[in-house]
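Residue strings, one per chain:
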Amino acid sequence: MRTTLTLDDDVADALKERARHLDQPFKRVLNDVLRCGLRPNAPQPAEPYRVRIHSTGFAPGVDPLRLNQLVDELETEAYLEKEARIARAGSERADDQ
């Protein structure tokens, strides 16, 4: 079948380059590329993939991806409280002397 086809410049350039590389006529390369693009996609699996839902034990609104940030904040608070106790104990000893 003979038909007129308008190709974008980049598509035409890519087809010409492929024809040169394969040392084949432009028409053959164009038809091969179209055939390849028109083939049906890979067969779909018989059963679609399903995600199994399970309870994480987190309350709604808790972002488990930010738990490390929570741990860091708790460790920082504990460190600051410990330093404050040490400073108070040091100042009490200084007062006793």
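This text gives an overview of the structure that appears in the document. (Residues numbered from 1 in each chain as written. Predicted model: local features only at pLDDT ≥ 70, side-chain atom pairs only at ≥ 80, totals over all residues. Heavy atoms only, no water.)

## What about the overall build of the protein chain?
For the record, the criterion: Only DSSP runs of H or I reaching four residues or more are called helices, and only runs of E reaching two or more are called strands; each is numbered from the N terminus. Values of the radius of gyration come from C-alpha atoms, whereas the globule rule sets the reference at 2.2 Å times the count of residues to the power 0.38. For the area figures, the Shrake-Rupley method with a 1.4 Å probe applies, and any residue is considered shielded solely by the protein chains shown. When charges are counted, Lys and Arg are positive and Asp and Glu negative, with His and the chain ends excluded. By convention, the point assigned to a charge is CZ for Arg, NZ for Lys, CD for Glu and CG for Asp.
Of regular secondary structure, the protein chain possesses 3 helices and 0 strands. Helices and strands appear in the protein chain in the N-to-C order α-α-α. Its C-alpha atoms give the protein chain a radius of gyration of 35 Å, more than 25% over the compact-globule value 13 Å for 97 residues. Projecting the C-alpha coordinates of the protein chain onto the three principal axes gives extents of approximately 105 × 35 × 20 Å. Surface summary for the protein chain: the accessible area is close to 9,800 Å², and the carbon and sulfur share equals 53%. Across the protein chain, the mean location of the 15 positive side-chain charges is 16 Å away from that of the 18 negative side-chain charges.

## Structural notes on unusual backbone geometry
Most peptide bonds are trans, and most residues other than glycine sit at a negative phi. How we decide: Relative accessibility decides the category of a residue: with a 1.4 Å probe and only protein chains considered, values under 20% of the type maximum give buried, values over 50% give exposed, and everything between is partly exposed.
In the Ramachandran plot, Asp23 falls in the positive-phi region, its phi being about 55 degrees despite a non-glycine side chain. With respect to the helices and strands, the residue Asp23 is situated in the loop between helix H1 (9-22) and helix H2 (26-38). We classify Asp23 as exposed; its relative accessible area is 71%.

## Some words on the pattern of salt bridges
Oppositely charged side chains may form a pair once their charged atoms are brought near each other. Put simply, the rule is: One side-chain nitrogen of Lys or Arg within 4 Å of one carboxyl oxygen of Asp or Glu is enough to make a salt bridge.
The tally for this structure, following the rule as stated, stands at 2 salt bridges. Here Arg20 makes a salt bridge to Glu17, at a shortest N to O gap of 3.1 Å. Of this pair, Arg20 and Glu17 both sit in helix H1, 3 residues apart, which is roughly one turn of the helix. Of the residues examined, Arg20 reaches a relative accessible area of 59% and is grouped as exposed. One salt bridge in this structure joins Asp32 and Arg35, with 3.3 Å as the shortest N-O distance. Note that Asp32 and Arg35 are positioned in helix H2 at a spacing of 3 residues, about one turn of the helix.

## Here's the deal with the environment of Ser91
The cut-off we apply is this: A 3.5 Å cut-off defines polar contacts: any pair of N or O atoms within that distance qualifies, except that in protein one atom must be a possible hydrogen donor and the other a possible acceptor, and neighbouring residues in sequence count only when both atoms are side-chain atoms.
Position of Ser91 among the secondary structure elements: in helix H3 (residues 67-96). Distance in space between the C-alpha atoms of Ser91 and Pro25 is 92 Å, their sequence separation being 66 residues. A distance of 2.9 Å separates a polar atom in the side chain of Ser91 from the backbone oxygen of Arg88.

## Section: the packing of H1 against H2
Let me state the cut-off plainly: A fitted line through C-alpha atoms represents every axis, and for helices the fit uses only the stretch in contact; the resulting angles, taken between N-to-C directions, go from 0 to 180 degrees. For classification, angles of less than 35 degrees are called roughly parallel, those exceeding 145 degrees roughly antiparallel, those between 65 and 115 degrees roughly perpendicular, and all remaining angles oblique. If you view the pair so one helix is near and one far, a crossing is left-handed when the near helix is turned anticlockwise from the far one by less than a right angle, and right-handed when it is turned clockwise. Two residues form a contact once any of their heavy atoms are found within 4.5 Å. Three classes are used: nonpolar for Ala, Val, Leu, Ile, Met, Phe, Trp, Tyr, Cys and Pro, charged for Asp, Glu, Lys and Arg, and polar for all others, with Gly counted as polar.
Close contact between H1 and H2 brings their axes to 9 Å; oriented N to C, the two are set at 115 degrees. Classed by the angle they form, the pair H1 and H2 counts as roughly perpendicular. Crossing hand, H1 versus H2: right-handed. Contacts from Ala12, Leu15, Lys16, Arg18, Ala19 and Leu22 in H1 reach Phe26, Val29, Leu30 and Val33 in H2. Among the residues making up the contact of H1 with H2, the classes are represented as 8 nonpolar, no polar and 2 charged.

## Structural notes on a negative patch on the surface
Put simply, the rule reads: Two joining distances apply to patches: 9 Å for like charges and 5 Å for nonpolar side chains (Val, Leu, Ile, Met, Phe, Trp, Tyr), and every residue must have over 30% relative accessible area and no salt bridge.
Together, Asp72, Glu73, Glu75, Glu77 and Glu81 line one region of the surface with negative charge. By the secondary structure assignment, Glu75 is in helix H3.

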